[in-house]
Amino acid sequence: MKVIKKAVLSIGVALFWLALWQAAAMIVGNPLILPTPAETLLRLFELAGESNFWIFTALSLLRILIGILIAIPAAWLFAALCSGSGIINALFSPAVTLMKSTPVVSFILIAIFLVDRHTIPSAITFMMVFPVLFENVREGISQTPKELLQMSDVFGISWILKIKRIYIPAIKPFFFSALTTSVGLAVKAGVAAEVVAYIPDSIGKMLSDAKSYMEPADLLAWTVVIIAISLITEKAVHLRLNHTKRRVTNASDR
Amino acid sequence: MLRIDNLCKSFDGKEVIKGLSISFPQSGFVAICGPSGCGKSTLLHIIAGIEKPSSGQIVFDDRSHSISMSFQEPRLLPDRTALQNVNFVLGDKKATLSRAKELLWALDIRNVDLYPEELSGGMKARVSIARALAKKADIYIFDEPFANLDKETALTCVDVIKKETAGALTIAVLHDTELAEKISDKVIYFK
């Protein structure tokens, strides 16, 4: 019953915003400025029928994924180093603060000069995801229960087992919460990098072309794709997080 | 085997232990009794190496001594079962699970797959005792191990502890002086 109520509410909210979009498009009355939801959806289906659509989407997703996959171990490594050494922490913290406060477009423009054009989306994704993950993993390390660490010291537990059984379980909630927040950010930043750097075979290039050739239906259709990727990736992280929680709960039910 | 010489310990200027000297026997069950806040747990923490003394020293006759401990609070890993918590100090290996299970069963914990949040206070205390017994040591330390247990269960635990720690030194802080006198080879009273 609760699920049905939730589904009805979600459909109602979606219909409300689509109606608002439809009304705005009708008021504007020019599909070259604002196409209707139906026109956008139709264009999305047309694009989905082209093989390039799936190739460009997959390539964009791959570039973003590479950035995230490099950011994850880097965040864990640097968070561990910074937690273990006050000097490394003092040296590294300003760099992370700088990464967090620099506008994404500045990073993209700097990256155009510094790195190979094709690696820009991955590099920008990394720059967006790394500080969020790093700070949360470092927080997780600092919140690790001291009494458990003391206990493991008394029993002479190896450092590998300490990491596996005490540190990782303490860090996990912080890490997954940060990952959920940052994957949506990563998709948006990655596509923005593709637009500014005009990366061939990418969603960003298609967006840029749609703007240049005055094709607002294409622009909106690709925007829908970006939103969908963002939501799917966030949901995937959520599912992973729930799976981890469920594994503990199920095991406790045995 | 273990000697404490003129030990002092202060926390934020407040002296908890002042000029304490004790000699412990090579083996046997030694109970420490005394009112709250007299430094019993602090002494155990210093022996276990968790706290450092402000002055004085702890002398171990054997250079390579090993210590195992059951803390006042159980300090169990929250996302591991009772069995896995005991097996943790045995290196978390499959091969040692039977030993961990044997200790839990001896202490009357039959449902070894329960997580700490599903255990009662008394069960957690017994898992903590089992974990301390799992590690082979020269000195076993128990900080109020029977605080959450009824007398009958406490006596069962005493039997298991004495059997498992035979030949080693066991130091236990106990608040029940009657029980301490009954089960210990030596009782030390703190003021």
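Every value quoted in this text rests on a predicted model; they were computed, and no experiment measured them.

### Details of the interface of chain B and chain A
Often the size quoted for an interface is simply the accessible area lost on bringing the parts together. Every contact between the two is made by 22 residues of chain B and, on the other side, 15 residues of chain A. Summed over both sides, the interface between chain B and chain A buries roughly 1800 Å², with carbon and sulfur atoms accounting for 66% of that surface. At the boundary of chain B with chain A, the tally comes to 1 salt bridge. Counting across the interface, chain B meets chain A through 4 residue pairs in polar contact (both at pLDDT 80 or more). Of all elements in the fold, only strand 5 (67-70) and helix 4 (121-134) of chain B reach the threshold of two or more residues within the side of chain B that touches chain A. Top element by residues in the side of chain B that touches chain A is strand 5 of chain B. It accounts for 3 residues. A class-by-class count of the residues in the side of chain B that touches chain A yields 12 nonpolar, 2 polar and 8 charged.

### Digging into helix 3 (residues 97-106) of chain B
An α-helical turn contains 3.6 residues, so any two residues separated by three or four positions project in the same direction. All names here are of chain B. All of the buried residues in helix 3 are Ala100, Leu103 and Leu104. The buried residues of helix 3 occupy an angular sector of 100 degrees when projected down its axis, which confines them to one face. Buried-residue contacts for helix 3 involve helix 2 (82-88), helix 4 and helix 5 (151-164). Just downstream of helix 3, Asp108 is the residue with a positive phi angle, here 65 degrees.

### Details of the sheet that holds strand 2 (residues 14-24) of chain B
All names here are of chain B. A sheet is described by the order of its strands in space; here 3 strands give the open sequence 2-1-4, paired in antiparallel fashion. Looking at the sheet topology across the chains shown, the edges are occupied by strand 2 and strand 4 (55-60). Taken pair by pair, the neighbouring strands of this sheet meet at an average axis angle of 20 degrees, ignoring direction. Direction of pairing for strand 1 (residues 2-11) relative to strand 4: antiparallel, over a ladder of 5 bridges. Paired with Arg3 across the bridge in strand 4 is Val59. In this fold helix 1 (residues 40-48) packs onto strand 1, strand 2 and strand 4, with an angle of close to 120 degrees to the strand it touches most, strand 1.

### Topic: the packing of helix 7 (residues 146-154) of chain A against helix 8 (residues 159-197) of chain A
Residues and elements named next belong to chain A. Their axes nearest at 10 Å, the elements helix 7 and helix 8 cross at an angle of 160 degrees. Taken together, helix 7 and helix 8 sit at an angle that is classed as roughly antiparallel. In the packing of helix 7 onto helix 8, the handedness of the crossing is right-handed. Here helix 7 contributes Leu148, Leu149, Ser152 and Asp153 to the contact with helix 8, which in turn contributes Lys162, Ile166 and Tyr167.

### Observations regarding helix 2 (residues 37-48) of chain A
Residues and elements named next belong to chain A. The first and last C-alpha atoms of helix 2 sit 16 Å apart over 12 residues, in line with the 16 Å expected at 1.5 Å per residue. All of the buried residues in helix 2 are Pro37, Thr40, Leu44 and Leu47. Considered in projection along helix 2, the buried side chains sweep an arc of 85 degrees and stay on one side of the axis. The exposed residues of helix 2 that point more than 90 degrees off its buried face are Ala38, Leu42 and Phe45.

### Focus: the confidence of the model for chain A
The predicted structure's coordinates, where accompanied by low pLDDT, should not be read in detail. Of all residues in chain A, 95% attain a pLDDT of 70 or more, and the chain-wide mean is 90. Segment residues 248-254 of chain A: pLDDT under 50, and 5 contacts once partners within four positions in sequence are set aside and those in other chains are kept.

### Comments concerning the sheet that holds strand 6 (residues 139-143) of chain B
Residue and element names in this part refer to chain B. Taken in spatial order, the 5 strands line up as 5-6-7-3-8 in an open sheet, and their pairing is parallel. Either end of the sheet is taken by a strand with one partner, and the two such strands are strand 5 and strand 8 (186-189). Neighbour-to-neighbour, the strand axes of this sheet turn through a mean angle of 15 degrees, independent of strand direction. Taken together, the 5 bridges between strand 6 and strand 7 (residues 169-173) define a ladder with parallel strand orientation. By the bridge assignment for strand 7, Ile139 is matched with Leu169. Sheet strands touched by helix 1: strand 3 (28-33), strand 5, strand 6 and strand 7. Its angle to strand 6, the strand with the most contacts, is close to 150 degrees.

### Overview of the pattern of salt bridges
Counting across every chain of the model gives 16 salt bridges over all chains. Across the pair Arg165 of chain A and Asp92 of chain B runs a salt bridge, and its minimum N-O distance is 2.5 Å. Here Arg165 of chain A, found in helix 8, pairs with Asp92 of chain B, found in the loop between helix 2 and helix 3, and the two come from separate chains. You can call Asp92 of chain B buried: its relative accessible area is 19%. Residues Glu73 of chain B and Arg75 of chain B are paired through a salt bridge, measuring 2.8 Å at the closest nitrogen-oxygen approach. One connected set of salt bridges, linked through shared partners, spans Arg43, Glu46 and Asp218 of chain A.

Procedures and definitions
- Residues numbered from 1 in each chain as written.
- Chains lettered and ligands numbered in written order.
- Predicted model: local features only at pLDDT ≥ 70, side-chain atom pairs only at ≥ 80, totals over all residues.
- Heavy atoms only, no water.
- Contact = heavy atoms within 4.5 Å.
- Buried area = accessible area lost by both parts, 1.4 Å probe.
- Salt bridge = Lys/Arg side-chain N within 4 Å of Asp/Glu carboxyl O.
- Polar contact = N/O pair within 3.5 Å; in protein donor to acceptor, adjacent residues only side chain to side chain.
- Helix = DSSP H or I, 4+ residues; strand = E, 2+ residues; numbered from the N terminus.
- Nonpolar A, V, L, I, M, F, W, Y, C, P; charged D, E, K, R; others polar.
- Buried < 20%, exposed > 50% of the residue type's maximum accessible area, 1.4 Å probe, protein only.
- Arc of directions from axis to C-beta.
- Pairing = 2+ DSSP bridges.
- Axes fitted to C-alpha atoms, helices over the stretch in contact; angles between N-to-C directions.
- Parallel < 35°, antiparallel > 145°, perpendicular 65-115°, else oblique.
- Left-handed = near helix turned anticlockwise from the far one by under 90°.
- Expected span 1.5 Å × (residues − 1).
- pLDDT = per-residue confidence, 0-100.

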